[in-house]
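For reference, the chains in residue letters:
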Amino acid sequence: MVVAKPFDGQVALVTGSSRGIGAATAIALAEAGAHVLLTGRDTKALEAIEEQIYPSGGAATIAPVDLVEPDGIARLATAVSQRWGKLDILVVNAAILPELTSVADIDQRAFNKALTTNVLATQALIANFDPLLRKSQDARVIGMTSTVASKPRAFWGAYAASKAASDMLLECYAEETRNTSKVRVAVVNPGATRTAMRARAYPGEAPASVKPPQVVAARLVALLGEAFESGHREDVNQTS
C-alpha cells in the first residue's frame, strides 16, 4: 500500500539548495512528496544533493542559476512554466554575507553584490514566479531572514541592510496578495545554525554548539503544511 505524502503533486523551488539550510530543506521537502527544483551556482554540489534525494523515492530537478545574472531567474521561471505550469512552494534562502566591517568602511563592490543577491534577486523571484504561484491552489512563499535585519549590530551593516530590505519586499508582497490570491507569505529567522556562512562570521565558534540545518528544515516543512496567515513571522529557537 502506497502512503500519500503531504506534498504529493506539488512543485517546490529552493534557492541556494546546494548546501546548508537550503540543501536540508530541499531534501526534507522531497521526502514529504514535493518535486523539488534545486538551484544554485555549483552544479556538482546540486548533483550531490539530488543523489541524496532519489534513494528515498524523492523527485528533484537540478536548475543551476546564478541569482546575480540578470536573465537567469526569468529563464528559470519560463522553464518551470513550460514543464509544470505552476509553482506551489518558493523558499527564498540563497544569500551572501559580505565582509563584516564598519559602515564607514563597507566595500561598495561587495555591498552591491550583497544587495543584488539578497535584495534584487528576491524581487526578481517574486516578479517572475508570481504568475505561477497564483496558479497553485495553495501557494506558499518562505523568505529566510536574520536577527540583524531588525536588531542593529556593529559591523554587520551591509548584510543587515540587505536582509532588512529583502524582508520588507516579502512583507509588502504578503499584503499585496492577501486578498487577491491564494499566495501566503512567511518570513523565518533560522537563528544560530551550523552553516558555512555562520562559520565565516564566527570562526572561533564550536560547530556542535549550534543546531544543524536539518532542525531548521524540519520546521520549514512543518510550517509549509500549516494554515499560517500571510505575513507570518517566526524564529526557529531550538538550539540543537
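Scoring rules and cut-offs
- Residues numbered from 1 in each chain as written.
- Predicted model: local features only at pLDDT ≥ 70, side-chain atom pairs only at ≥ 80, totals over all residues.
- Heavy atoms only, no water.
- Axes fitted to C-alpha atoms, helices over the stretch in contact; angles between N-to-C directions.
- Helix = DSSP H or I, 4+ residues; strand = E, 2+ residues; numbered from the N terminus.
- Parallel < 35°, antiparallel > 145°, perpendicular 65-115°, else oblique.
- Left-handed = near helix turned anticlockwise from the far one by under 90°.
- Contact = heavy atoms within 4.5 Å.
- Bend = angle between axes of the 7 residues up to and from the residue.
- Polar contact = N/O pair within 3.5 Å; in protein donor to acceptor, adjacent residues only side chain to side chain.
- Buried < 20%, exposed > 50% of the residue type's maximum accessible area, 1.4 Å probe, protein only.
- Arc of directions from axis to C-beta.
- Salt bridge = Lys/Arg side-chain N within 4 Å of Asp/Glu carboxyl O.
- Phe/Tyr/Trp six-rings, centres within 6.5 Å; stacked < 30°, edge-to-face > 60°.
- Core = buried A, V, L, I, M, F, W, Y, C linked by side-chain atoms within 4.5 Å.
- Pairing = 2+ DSSP bridges.

S.K.: Can you tell me about the packing of helix α1 (residues 20-31) against helix α7 (residues 213-224), naming the residues and giving the values?
M.R.: Interaxial distance between α1 and α7 falls to 8 Å at its minimum, and their mutual angle equals 50 degrees. As far as their axial angle goes, α7 and α1 are oblique. Two packed elements cross with a definite hand, and for α1 against α7 that hand is right-handed. Contacts from Gly 20, Ile 21, Ala 24, Thr 25, Ala 28 and Leu 29 of α1 reach α7 at Pro 213, Gln 214, Val 216, Ala 217, Leu 220, Val 221 and Leu 224.

S.K.: Pulling in residues and values, what's your account of helix α4 (residues 108-133)?
M.R.: The largest bend in α4 comes to about 35 degrees, at Thr 116. Taking the backbone nitrogen of Arg 109 as reference, a side-chain oxygen 3.2 Å away marks Asp 107 as the first, capping residue of α4.

S.K.: Explain the side chain of Ser 146 residue by residue, including any values.
M.R.: Considering the arrangement of structural elements, one finds Ser 146 in the loop between β5 (140-144) and α5 (157-177). Residues contacting Ser 146, with those up to four places away along its chain left out, are Tyr 159, Lys 163 and Asn 189.

S.K.: How would you summarise unusual backbone geometry if you had to cite specific residues and measurements?
M.R.: Here Phe 155, not a glycine, exhibits a phi torsion of approximately 75 degrees, which is positive. In this structure, Phe 155 sits in the loop between β5 and α5.

S.K.: Can you break down helix α2 (residues 43-53) residue by residue, with the values?
M.R.: All buried positions along α2 are accounted for by Ala 45, Leu 46, Ile 49, Glu 50 and Ile 53. Buried residues along α2 cover an arc of 145 degrees about the axis, so they all sit on one side. Exposed residues pointing more than 90 degrees away from the buried face of α2 are listed as Lys 44 and Glu 51. Among the structural elements, α1, β2 (35-40) and β3 (59-64) are those in contact with the buried residues of α2.

S.K.: Run through the pattern of salt bridges, naming residues and quoting values.
M.R.: Within this structure, the stated rule accounts for 11 salt bridges. Between Lys 86 and Asp 88 there is a salt bridge, with the nearest N and O atoms lying 3.1 Å from each other. The partner of Arg 178 in a salt bridge is Glu 175, with the nearest N and O atoms 2.5 Å apart. Since its relative accessible area comes to 32%, Arg 178 is described here as partly exposed. When salt bridges that share partners are traced, they join Asp 138, Arg 140 and Arg 184 into one network.

S.K.: Explain the packing of aromatic side chains to me, using residue names and the numbers behind them.
M.R.: Scanning all chains against the criterion turns up 2 aromatic pairs. An angle of 65 degrees between the planes, with centres 6.1 Å apart, marks the rings of Trp 156 and Tyr 159 as edge-to-face. For the pair shown, Trp 156 and Tyr 159 are each scored as buried. Taking 6.0 Å as the distance between ring centres and 35 degrees as the angle between the ring planes, the aromatic pair formed by Trp 156 and Tyr 202 counts as tilted. Here Trp 156 is found in the loop between β5 and α5, whereas its partner Tyr 202 is found in the loop between α6 (196-201) and α7, with 46 residues between them in sequence. Judged by relative accessible area, Trp 156 falls into the buried class, the value being 10%. Taken together through their ring pairs, the aromatic side chains of Trp 156, Tyr 159 and Tyr 202 make up a single cluster.

S.K.: So what's going on with the nonpolar core? Which residues, and what values?
M.R.: Leu 29, Val 36, Leu 38 and Ile 142 are the most contacted members of the largest nonpolar core, which totals 33 residues. Among the elements of the structure, β1 (11-14), α1, β2, α2, β4 (89-92), β5, β6 (184-189) and α7 are those that each provide at least two residues to this core. Ranked by residue count, the leading element in this core is α1, at 8 residues. Core analysis: the next-biggest nonpolar cluster, separate from the first, contains 29 residues, Ile 73, Leu 90, Ala 94 and Ala 174 among them.

S.K.: How would you sum up the packing of α1 against α2? Please name residues and give values.
M.R.: Remark: α1 packs on α2, axes separated minimally by 10 Å, with the N-to-C direction vectors making an angle of 30 degrees. For the element pair α1 / α2, the angle class is roughly parallel. The hand of the α1/α2 crossing is right-handed. The segment α1 lies against α2, with Ala 23, Ala 26, Ile 27 and Ala 30 engaging Ile 49, Gln 52 and Ile 53.

S.K.: Break down the sheet that holds β4 for me, citing the residues and quoting the values.
M.R.: Strand pairing within a sheet occurs via backbone hydrogen bonds; the two strands may be parallel or antiparallel. Spatial strand order, β3-β2-β1-β4-β5-β6-β7: 7 strands in an open sheet with parallel pairing. Taken across any chain shown, the strands that pair with only one partner, and hence form the sheet edges, are β3 and β7 (232-235). With direction set aside, neighbouring strand axes in the sheet form an average angle of 15 degrees. Here α1 sits on the sheet in contact with β1, β2, β3, β4 and β5, set at roughly 170 degrees to β1.

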